[in-house]
Amino acid sequence: MKTRIVPAIHVALQPSYLILGCYVFVSILSLLSVLQTSFSILLKCVIVCAVIIATIYTILQDVLLRLPWSWKLVEVTSQGKVRVHNQRGELFEVVPLASSVSHPWLTILRFKRLTYQHEWRNSLMLTAWQVRDPQQFRKLRVWLNWGRADKKHQPLVDVALPE
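What you see is a predicted model, and the numbers here were worked out from it, not measured in a lab.

Draft legend 1. Structural detail: the overall build of the chain. When its secondary structure is counted, the chain shows three helices and seven strands. Seen in sequence order, the chain has helices and strands lined up from the N terminus as β-α-α-β-β-β-β-β-β-α. Out of the 163 residues belonging to the chain, those deemed buried represent 31%. Contacts spanning at least 24 positions in sequence make up 46% of the contacts within the chain whose residues lie at least 6 apart. A total accessible area of about 11300 Å² is found for the chain, and carbon and sulfur atoms account for 65% of it.

Draft legend 2. How the structure looks around the pairing of strand β3 (residues 82-86). Across the five residues of β3, four count as buried, placing the element largely inside the fold. In this structure, the hairpin formed by strand β2 (residues 71-76) and β3 is closed by a connection of five residues, where G80 is found at a positive phi of approximately 90°. Note: β3 against strand β4 (residues 91-96), four bridges, orientation antiparallel. Looking across to β4, one finds that R83 is bridged to E93. In this antiparallel pair of consecutive strands, β3 and β4, the connection spans four residues, and G89 shows a positive phi of 95°.

Draft legend 3. Spatial organisation of a nonpolar patch on the surface. Residues V24, F25, V26, I28, L29, L32 and L35 make up a contiguous nonpolar surface patch of roughly 640 Å² in combined accessible area. Judged by relative accessible area, L35 falls into the partly exposed class, the value being 47%.

Rules and cut-offs
- Residues numbered from 1 in each chain as written.
- Predicted model: local features only at pLDDT ≥ 70, side-chain atom pairs only at ≥ 80, totals over all residues.
- Heavy atoms only, no water.
- Helix = DSSP H or I, 4+ residues; strand = E, 2+ residues; numbered from the N terminus.
- Buried < 20%, exposed > 50% of the residue type's maximum accessible area, 1.4 Å probe, protein only.
- Contact = heavy atoms within 4.5 Å.
- Areas by Shrake-Rupley, 256 points an atom, 1.4 Å probe, with all protein chains shown as cover.
- Pairing = 2+ DSSP bridges.
- Patch = residues over 30% accessible without salt bridge, like charges linked within 9 Å, V, L, I, M, F, W, Y side chains within 5 Å.
- Salt bridge = Lys/Arg side-chain N within 4 Å of Asp/Glu carboxyl O.

Keep in mind that these numbers describe shape and distance, not what the molecule does.
Right under this line is the structure:
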């Protein structure tokens, strides 16, 4: 029996200005809805500041990839091991969790790190607008949907056919 070598998958991330626009639009709508409420002015100011800070942090980290701990590359080796790289150049070997979601336009890769003590960032959002090579993104989505060894399939039930 021949052993089939699966080619490695490398998904490099890049900043996406379309996602940036979506985040800013949603933040503006949430700020407008907070301002329309009947809360006290102090509570409104606190909520507005929290939304602005959270939006700036999320945009810098996940959209523009400017922070040192922002993810920049996802790779699946030919042996099926998943690795993620951050902007600092650190490499983490991870295990994808069953809660990962993969759709044609959005993939959320939830994972558990094997070599890291802290459990700070355990997910990665990938969109078609954020990757450099759409073919590699498609391969990653197919691998997530069909190629994972930890995915449990339902066994076939033997049904006796009437004769």
